[in-house]
Amino acid sequence: MRDNDDGLRDLYQEVIFDHNRKPRNFHAMDDASHRADGHNPLCGDQLTVYARVSGGVVQEVSFIGHGCAISTASASLMTEAVRGQPVEQVEALFRNIHAMLTEAHPDCDLGKLEVLSGVREFPSRVKCATLAWHTLHNAITRAGDTAVTE
């Protein structure tokens, strides 16, 4: 069974590296209805998340900024996961990701986002993985105001 765990860990690492090397939806969005800035002062990660929300659905989402591999990969994975989702579902996903990384794994299938679960083993990197999620949450809940996250 240990070989399976190592193989899964290798696969997860490859997904993280791929999203870091080639982040999806990495661009500013001129017509965003929501925007927030996020900064992790512990490691220097900084990003801006843009979202276009219409009819209670996240139609488009993107980000710009710089950070470590985990921060960039998490933002990239997040943009893929939330596009086309109702805001309520995005908020539920935010809570589930946060729980997976800080408490106990939620009783739900997080799909491709499971690759972030290994970050929980490295408490100093949890803020890297959650930065984009907190920033998107702030963008959506503050209705377009610019916000700075912790």
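The structure displayed is predicted, hence computed values, not measured ones. (Residues numbered from 1 in each chain as written. Predicted model: local features only at pLDDT ≥ 70, side-chain atom pairs only at ≥ 80, totals over all residues. Heavy atoms only, no water.)

Helices and strands together make up the secondary structure of the chain, namely four helices and three strands. Going through the 150 residues of the chain one by one, you find that 43% of them count as buried. Long-range contacts, defined as pairs at least 24 residues apart, comprise 58% of the intrachain contacts of the chain with a sequence gap of at least 6. (Helix = DSSP H or I, 4+ residues; strand = E, 2+ residues; numbered from the N terminus. Buried < 20%, exposed > 50% of the residue type's maximum accessible area, 1.4 Å probe, protein only. Contact = heavy atoms within 4.5 Å.)

Of note, the phi angle at Asn-25 is positive, near 60°, even though the residue is not glycine. In this fold, Asn-25 is placed in the loop between α1 (2-21) and β1 (34-40).

What follows deals with the nonpolar core. In this structure, Val-58, Val-82, Ile-97, Trp-133 and Leu-136 are the most contacted members of the largest nonpolar core, which totals 36 residues. Elements with a minimum of two residues in this core: α1, β2 (45-54), β3 (57-66), α2 (69-82), α3 (87-102) and α4 (126-141). Take this core: its biggest share by element is eight residues, from α4. Once residues within four sequence positions are removed from consideration, Trp-133 is found in contact with Ser-74, Met-78, Val-82, Leu-93, Phe-94, Ile-97, Leu-113 and Leu-116. (Core = buried A, V, L, I, M, F, W, Y, C linked by side-chain atoms within 4.5 Å.)

Attention now goes to the confidence of the model for the chain. Summing up the model confidence of the chain, the mean pLDDT is 89 and the portion of residues at 70 or higher is 89%. Long-range and interchain partners of residues 144-150, a stretch whose pLDDT sits below 50, account for 27 contacts in this model, where long-range means more than four residues apart. (pLDDT = per-residue confidence, 0-100.)

Turning our attention to α2. An ideal rise of 1.5 Å per residue puts 20 Å on 14 residues; α2 measures up with 20 Å between its terminal C-alpha atoms. With 11 of 14 residues buried, α2 lies mostly within the body of the structure. Of all the residues in α2, the buried ones are Ile-70, Ser-71, Thr-72, Ala-73, Ser-74, Ala-75, Ser-76, Leu-77, Met-78, Thr-79 and Val-82. Of the residues one or two after α2, Gly-84 is the one with positive phi, at around 85°. (Expected span 1.5 Å × (residues − 1).)

Packing of α3 against α4 leaves a shortest axis separation of 10 Å and a crossing angle of 155°. Between α3 and α4, the crossing angle belongs to the class labelled roughly antiparallel. Where α3 crosses over α4, the two elements pack in a sense that is left-handed. Contacts between α3 and α4 involve Val-87, Val-90, Glu-91, Leu-93, Phe-94, Ile-97, His-98, Leu-101 and Thr-102 from the former and Val-126, Ala-129, Thr-130, Trp-133, His-134, Leu-136, His-137, Ile-140 and Thr-141 from the latter. (Axes fitted to C-alpha atoms, helices over the stretch in contact; angles between N-to-C directions. Parallel < 35°, antiparallel > 145°, perpendicular 65-115°, else oblique. Left-handed = near helix turned anticlockwise from the far one by under 90°.)

Let's shift gears to α3. Helical periodicity: at 3.6 residues per turn, an α-helix aligns residues three or four positions apart in one direction. Its 16 residues give α3 an end-to-end C-alpha distance of 22 Å, which sits within 8% of 22 Å, the value for a rise of 1.5 Å per residue. Turning to α3, its buried residues are Val-87, Val-90, Glu-91, Leu-93, Phe-94, Ile-97, Ala-99, Met-100 and Leu-101. Buried positions along α3 lie against β2, β3, α2 and α4.

A word on the pattern of salt bridges. Enumeration over the complete set of coordinates arrives at eight salt bridges. Notably, a salt bridge pairs Glu-80 with Arg-24, separated by 3.8 Å at the nearest N-O pair. One end of the pair, Glu-80, is in helix α2; the other, Arg-24, is in the loop between α1 and β1, and 56 residues separate them in sequence. Owing to a relative accessible area of 36%, Glu-80 belongs among the partly exposed residues under this scheme. The salt bridge partner of Glu-60 is Arg-83, with a shortest N-O separation of 3.0 Å. A residue pair is termed long-range when its members are at least 10 positions apart, and Glu-60 in strand β3 and Arg-83 in the loop between α2 and α3 qualify at 23 residues. Counted as one network, the salt bridges with shared partners bring together Asp-18, Lys-22, Arg-24, Glu-80 and Lys-112. (Salt bridge = Lys/Arg side-chain N within 4 Å of Asp/Glu carboxyl O.)

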